[in-house]
Amino acid sequence: MARIIIIYSTTDGHTLEICQCLQQVVEKLNNQVTLVSISDTSAIDLSSFDKIVICASIRYGKHNIKVYEFIKTNSQILSAKPNAFFSVNVVARKPEKSTPATNPYLIKFLKQIAWEPKILAVFAGKIDYKRYRFFDRFMIRFIMWMTKGPTDPSTNIDFTDWNQVKDFGRIISEM
Ligand SMILES: Cc1cc2nc3c(=O)[nH]c(=O)nc-3n(C[C@H](O)[C@H](O)[C@H](O)COP(=O)(O)O)c2cc1C
């Protein structure tokens, strides 16, 4: 049994949902998973875990600044253990931008950090216009219009490939 920590950054909860799915898969394979928000990591002792997974969603082109700070502070211990990172964004709904080698946010992110995650993934996220504030709804609809995505203000689409998430759970268990 491995003790695995998954540290997540989410704004609307979708990345957490992905983590909870991973937790189910990974725990069924006889591991113990601890889910921690990036905002609650100050008291976390990474050395007490066997494997570390970090994940974050994209908002206005960026992962949360706290993710960069956490990686900077902990890069040594991150690199010393089996580890993985995944990004959640809606650009990844496009097949040609859906892999670690082709997703522009992940490519840029990796250039900005000192840590080289051993395992990488990208998951397409979710659009739920009704839950966004006026400005955010306007902006994301505009981004969707530019990238030929759905613009109907009642749209609630989950682009995540949940089988891909489950496969990733198995990869984490084995890493
Ligand atoms: C205000 C806002 C800005 C966003 N900006 C981007 C973006 O620049 N690029 C992108 O691919 N996805 C963008 N997204 C989509 C999110 O990455 C997607 O909704 C994801 O599922 C959010 O995950 P979370 O709920 O864990 O934060 C944006 C979403 C919102 C609401």
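In this text the structure is predicted, and so the values were computed from the model without any measurement.

Quick question: what am I supposed to make of the nonpolar core here?
Note on soluble globular proteins: their nonpolar side chains tend to be buried together. Ranked by size, the top nonpolar core spans 22 residues in total, and within it I54, V67, I71, F85 and F109 carry the most contacts. Those elements that provide at least two residues to this core are β1 (3–9), β3 (51–57), α2 (65–80), α3 (104–112) and β5 (119–124). Filtering out sequence-adjacent residues up to four positions away, I54 remains in contact with I7, V67, F70, I71, L78, A84, F85, F86 and W115.

Before we go on, may I ask you to explain the sheet that holds strand β2 (residues 32–37) in this structure?
In any sheet, the strands associate via hydrogen bonds between backbone groups, in a parallel or an antiparallel arrangement. Sheet architecture is open: five strands sit in the order β2-β1-β3-β4-β5, paired in parallel fashion. Sheet topology places β2 and β5 at the edges, where each strand pairs with a single neighbour. When strand polarity is set aside, the average angle formed by the axes of neighbouring strands in this sheet is 20°. Each of β1, β3 and β4 (83–89) touches α2; the most contacted strand, β3, lies at about 160° to it. Each of β1, β3, β4 and β5 touches helix α5 (residues 162–174); the most contacted strand, β5, lies at about 165° to it.

So what exactly am I meant to see when it comes to helix α1 (residues 14–28) here?
In an α-helix there are 3.6 residues to a turn, and that puts residues three or four apart on one side. End to end, α1 covers 22 Å across 15 residues, agreeing with the expected 21 Å (1.5 Å per residue, within 8%). Buried within α1 we find H14, T15, I18, C19, C21, L22, V25 and V26. For α1, the arc enclosing every buried residue in end-on projection is 160°, short of the 170-degree limit, so these residues lie on one face. Exposed residues lying more than 90 degrees from the buried face of α1 are Q24 and K28. Where α1 terminates, the next one or two residues include N30, which has phi positive at roughly 75°.

I keep staring at the pattern of salt bridges and nothing clicks. Help me out?
Once their charged atoms are close, side chains differing in charge can pair, the charge on each being opposite to the other. Inspection of every chain in the model, using the stated rule, returns six salt bridges. For the salt bridge of R59 with D12, the shortest nitrogen-to-oxygen distance reads 3.3 Å. Remark: D12 occurs in the loop between β1 and α1 and R59 occurs in the loop between β3 and α2; sequence separation between them is 47 residues. Residue classification places R59 among the partly exposed positions, given a relative accessible area of 32%. Linked through salt bridges whose partners overlap, the residues forming this network are D12, R59, R131, R133 and D136.

Thresholds applied
- Residues numbered from 1 in each chain as written.
- Predicted model: local features only at pLDDT ≥ 70, side-chain atom pairs only at ≥ 80, totals over all residues.
- Heavy atoms only, no water.
- Core = buried A, V, L, I, M, F, W, Y, C linked by side-chain atoms within 4.5 Å.
- Buried < 20%, exposed > 50% of the residue type's maximum accessible area, 1.4 Å probe, protein only.
- Helix = DSSP H or I, 4+ residues; strand = E, 2+ residues; numbered from the N terminus.
- Contact = heavy atoms within 4.5 Å.
- Pairing = 2+ DSSP bridges.
- Axes fitted to C-alpha atoms, helices over the stretch in contact; angles between N-to-C directions.
- Expected span 1.5 Å × (residues − 1).
- Arc of directions from axis to C-beta.
- Salt bridge = Lys/Arg side-chain N within 4 Å of Asp/Glu carboxyl O.

Nothing here speaks to function; it is geometry throughout.
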